[in-house]
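Examination of the molecular architecture
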Amino acid sequence: MHAIVVYRSKTGCARRYAGWIAEELGADLYEASRCGIERIAQYDAVVYGGGLYAAGINGVKLITNNLDRLRGKKVAVFATGASPPHEEAIRDVTEKNFTNEQLESLCFFYLRGGFDYKKLGAPDRFLMSLLRLRLKAKKRPTADERGLLAAYDHPVDFVKRQNIAPLVEYIKSQDTTSL
Ligand SMILES: Cc1cc2nc3c(=O)[nH]c(=O)nc-3n(C[C@H](O)[C@H](O)[C@H](O)COP(=O)(O)O)c2cc1C
């Protein structure tokens, strides 16, 4: 199987997952700005990953706008976010990023990332400062919101190599080239 892993990452979470996935699959690894759909379409299996920003998967349109070019290939998309992997949150992300038709051509995975305020660029810091003010003003923040507030002062990192197992399994399944 000829596989490619493409990622877009602001603070390194998607980059670390992408590197491990590429290692496990023996795949070629590219940062998204260095890889267009022409190259991606040359592979049998495609993995795309990006961080979650306001529930949108960073750069995922590279895949969703080009699914017709990837017909017949195995396609997996992963998102990495600071939120715990609650079913409801994952459903929201799935609905925001993919149509039902697109979900017939790709498989989506959520791999928990982390949060490091200091690694963010100015625009994201600004957005997150606004969110912090909003969360601080809440009378009863949820446990997840309290966790996020604490992470502004102490970075959190939930990136673990073992989280990639289901995605790797999915790409490897029915891979007839290794039979
Ligand atoms: C402006 C902004 C919005 C974010 N929105 C979300 C979100 O909607 N859901 C989530 O789980 N994490 C959210 N995060 C946290 C990032 O998704 C998380 O830090 C991720 O692991 C970053 O991945 P990357 O370093 O590969 O870009 C947000 C972070 C920033 C700065």
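Predicted model only: the values in this text are computed from it and were never measured.

Calculation criteria
Residues numbered from 1 in each chain as written. Predicted model: local features only at pLDDT ≥ 70, side-chain atom pairs only at ≥ 80, totals over all residues. Helix = DSSP H or I, 4+ residues; strand = E, 2+ residues; numbered from the N terminus. Rg over C-alpha atoms; globule rule 2.2 N^0.38 Å. Contact = placed C-beta atoms within 7 Å. Buried ≥ 20, exposed ≤ 12 C-beta atoms within 10 Å, placed from the backbone. Pairing = 2+ DSSP bridges. Right-handed = clockwise from strand over helix to strand, strands pointing away. Domains from an automatic or database assignment. Nonpolar A, V, L, I, M, F, W, Y, C, P; charged D, E, K, R; others polar. Core = buried A, V, L, I, M, F, W, Y, C linked by C-beta atoms within 7 Å.

**Remarks on the overall build of the protein chain**
Summing up its helical and strand segments, the protein chain has eight helices and eight strands in all. The C-alpha radius of gyration computed for the protein chain amounts to 17 Å, which stays within 12% of the reference 16 Å derived for 179 residues, consistent with globular compactness. Seen along its three principal axes, the alpha-carbon backbone of the protein chain occupies a region of about 55 × 30 × 25 Å. In the protein chain, 78% of the contacts between residues at least 6 apart in sequence involve partners at least 24 apart.

**Let's talk about the pairing of strand β1 (residues 3-8)**
By the criterion of burial, β1 is predominantly enclosed, with five of the six residues buried. As defined by bridge partners, β1 adjoins strand β3 (residues 45-53) across six bridges and the pair is classed as parallel. When the bridges of β3 are listed, Arg-8 appears paired with Gly-50. The pairing of β1 with strand β2 (residues 28-31) spans four bridges and is classified as parallel. Paired with Tyr-7 across the strands is Glu-31, a residue of β2. Taken together, β1, helix α1 (residues 13-25) and β2 constitute a β-α-β crossover, and its handedness is right-handed.

**Looking at the domain arrangement of the protein chain**
Each assigned domain of the protein chain is listed here: domain 1 (3-115 + 157-178) and domain 2 (117-154). With centres defined by C-alpha atoms, the gap from domain 1 to domain 2 works out at 26 Å. Counting residues at the interface gives six residues for domain 1 and seven residues for domain 2. By residue class, the composition of the side of domain 1 that touches domain 2 is three nonpolar, two polar and one charged.

**Here we look at the environment of Asp-157**
Tracing the backbone shows Asp-157 in strand β8 (residues 156-157). Its 16 C-beta neighbours within 10 Å are what place Asp-157 among the partly exposed residues. When the C-alpha positions of Asp-157 and Cys-13 are compared, they lie 8.4 Å apart, and in sequence the two are 144 residues distant.

**Focus on unusual backbone geometry**
The phi torsion at Ala-54 lies on the positive side, around 50 degrees, for a residue other than glycine. Note that Ala-54 resides in the loop between β3 and β4 (56-57). At Ala-55, a position not held by glycine, the phi torsion is positive, near 70 degrees. Residue position: Ala-55 is located in the loop between β3 and β4.

**Points about the nonpolar core**
Among the nonpolar cores identified, the biggest contains 34 residues, and Ala-3, Val-5 and Val-47 are the most heavily contacted of them. Only β1, α1, β3, β5 (74-80), β6 (107-110) and α8 (165-172) provide two or more residues apiece to this core. Looking at which element gives the most residues to this core, the answer is α1, with six residues. Contacts of Val-47, omitting those with residues within four sequence positions, involve Ala-3, Val-5, Ile-21, Ala-76, Leu-167 and Ile-171.

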